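# Structural overview
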Amino acid sequence: MEEGTSKSPSNCASTVDYGDADPFQWDTREDCQVRQILDRVADKWSLLVIALLESRRLRFTELRREIDGISQRMLTVTLRQLERDGLVKRTVHPVVPPRVEYELTPLGGTLHATIRSLVTWTEMHQGEIAMARAAYDERIEAEAEGRVEGQAEGVGRV
């Protein structure tokens, strides 16, 4: 690593000011806390849980019913991780059978605002992304057909 770019494992922050173009903004090292937090909050299950808890408390069974395709185990793991990170609050009511509810903490609420911005961006640009995907798929298909045709004629591509 070059002099002046050392990072501490706790925050992975570069000691050199690169302005807005910091190449170490999202460190790829496994011990980088920023990377770990981004991995946690940006996974699909966490995003869905945070979105569902934005306006109300929900019980485990309500969350599971609302999130299509999530297993009981994955929902449990996701909720525990979000609780550990201080984004979700778990409340156990002393009744029989026990009733457990989940809600966003104030910190989780600030994350929801960021997620909402990402969803808004996605909605605004989904048409452009769909066109780019279609163009890419056509190009890849054409290249694959060209390779097959070229190989059949004895001409290989590098």
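Each value, and the rule that gives it
Residues numbered from 1 in each chain as written. Predicted model: local features only at pLDDT ≥ 70, side-chain atom pairs only at ≥ 80, totals over all residues. Heavy atoms only, no water. Helix = DSSP H or I, 4+ residues; strand = E, 2+ residues; numbered from the N terminus. Buried < 20%, exposed > 50% of the residue type's maximum accessible area, 1.4 Å probe, protein only. Contact = heavy atoms within 4.5 Å. 1 Å grid on protein atoms, 1.4 Å probe; cavity = no way out; pocket = protein on both sides within 12 Å on 5 of 7 lines; lining within 4 Å. Points joined across faces, edges and corners; volume = space filled by probe spheres on them. Patch = residues over 30% accessible without salt bridge, like charges linked within 9 Å, V, L, I, M, F, W, Y side chains within 5 Å. Areas by Shrake-Rupley, 256 points an atom, 1.4 Å probe, with all protein chains shown as cover. Salt bridge = Lys/Arg side-chain N within 4 Å of Asp/Glu carboxyl O. Lys, Arg positive; Asp, Glu negative; His and termini not counted. Charge placed at Lys NZ, Arg CZ, Asp CG, Glu CD. Pairing = 2+ DSSP bridges. Core = buried A, V, L, I, M, F, W, Y, C linked by side-chain atoms within 4.5 Å. Arc of directions from axis to C-beta. Polar contact = N/O pair within 3.5 Å; in protein donor to acceptor, adjacent residues only side chain to side chain. Axes fitted to C-alpha atoms, helices over the stretch in contact; angles between N-to-C directions. Parallel < 35°, antiparallel > 145°, perpendicular 65-115°, else oblique.

## Some remarks on the overall build of the protein chain
The secondary structure content of the protein chain amounts to 5 helices and 3 strands. If you list the helices and strands of the protein chain from N to C, you get α-α-β-α-α-β-β-α. For the protein chain, the proportion of its 158 residues judged to be buried stands at 23%. Partitioning the contacts of the protein chain with sequence separation of at least 6, the portion at a separation of at least 24 is 32%.

## Digging into the layout of surface pockets
Reported here for the largest pocket is a volume of approximately 170 Å³. Along the walls of the largest pocket sit Ile37, Leu38, Val41, Ala42, Leu47, Leu111, Thr114, Ile115 and Leu118, which together make up its complete lining. Only helix 1 (33–41) and helix 5 (106–152) provide two or more residues apiece to the lining of the largest pocket. At 4 residues, helix 5 tops the list of elements feeding residues into the lining of the largest pocket.

## Things to note about a negative patch on the surface
A cluster of like negative charges, contributed by Asp137, Glu138, Glu141 and Glu145, occupies part of the molecular surface. Relative to the assigned elements, Glu141 resides in helix 5. Residue classification places Glu141 among the partly exposed positions, given a relative accessible area of 48%.

## Quick look at the sheet that holds strand 2 (residues 88–93)
Taken in spatial order, the 3 strands of this open sheet run 1-3-2, and their pairing is antiparallel. Of all the strands in the sheet, the pair left with one neighbour each is strand 1 (58–59) and strand 2. Sheet topology note: the strand 2/strand 3 (residues 99–104) ladder contains 6 bridges and is antiparallel. Paired with Arg90 across the strands is Tyr102, a residue of strand 3.

## Examining the nonpolar core
In summary, soluble globular proteins display a tendency toward joint burial of nonpolar side chains. By size, the foremost hydrophobic cluster in this structure holds 21 residues, and its most contacted members are Leu53, Leu63, Leu75, Leu79 and Tyr102. Every element with two or more residues in this core is listed here: helix 2 (44–52), helix 3 (60–66), helix 4 (72–84), strand 3 and helix 5. The contact partners of Leu79, leaving out residues within four places of it in the chain, are Val49, Phe60, Leu63, Val88 and Tyr102.

## Describing helix 2
When we look at burial in helix 2, the residues that qualify are Trp45, Ser46, Val49, Ile50 and Leu52. For helix 2, the arc enclosing every buried residue in end-on projection is 165 degrees, short of the 170-degree limit, so these residues lie on one face. Capping of helix 2 at its N-terminal end is provided by Asp43; its side-chain oxygen lies 2.9 Å from the backbone amide nitrogen of Trp45.

## Let's talk about the pattern of salt bridges
Pairing is possible between side chains of opposite charge, provided their charged atoms come close. According to the stated counting rule, one finds 6 salt bridges in the structure shown. Across the pair Arg139 and Glu143 runs a salt bridge, and its minimum N-O distance is 3.9 Å. Placement of the pair is Arg139 and Glu143 together in helix 5, with a separation of 4 residues, close to one helical turn.

## As for the environment of Ile50
Note that Ile50 resides in helix 2. The class of Ile50 is buried, set by a relative accessible area of 0%. With 32 residues separating them in the primary sequence, Ile50 and Leu82 have C-alpha atoms 8.9 Å apart. Ignoring anything within four residues of it in the chain, the contact list for Ile50 reads Leu82, Leu104, Gly108, Leu111, His112 and Ile115.

## What about the packing of helix 2 against helix 4?
Two numbers describe how helix 2 lies on helix 4: the axes approach to 10 Å, and their chain directions differ by 70 degrees. Considering the angle they form, helix 2 stands roughly perpendicular to helix 4. Across the interface between the two elements, Trp45, Ser46, Val49 and Ile50 from helix 2 touch Met74, Leu75, Thr78, Leu79 and Leu82 from helix 4.

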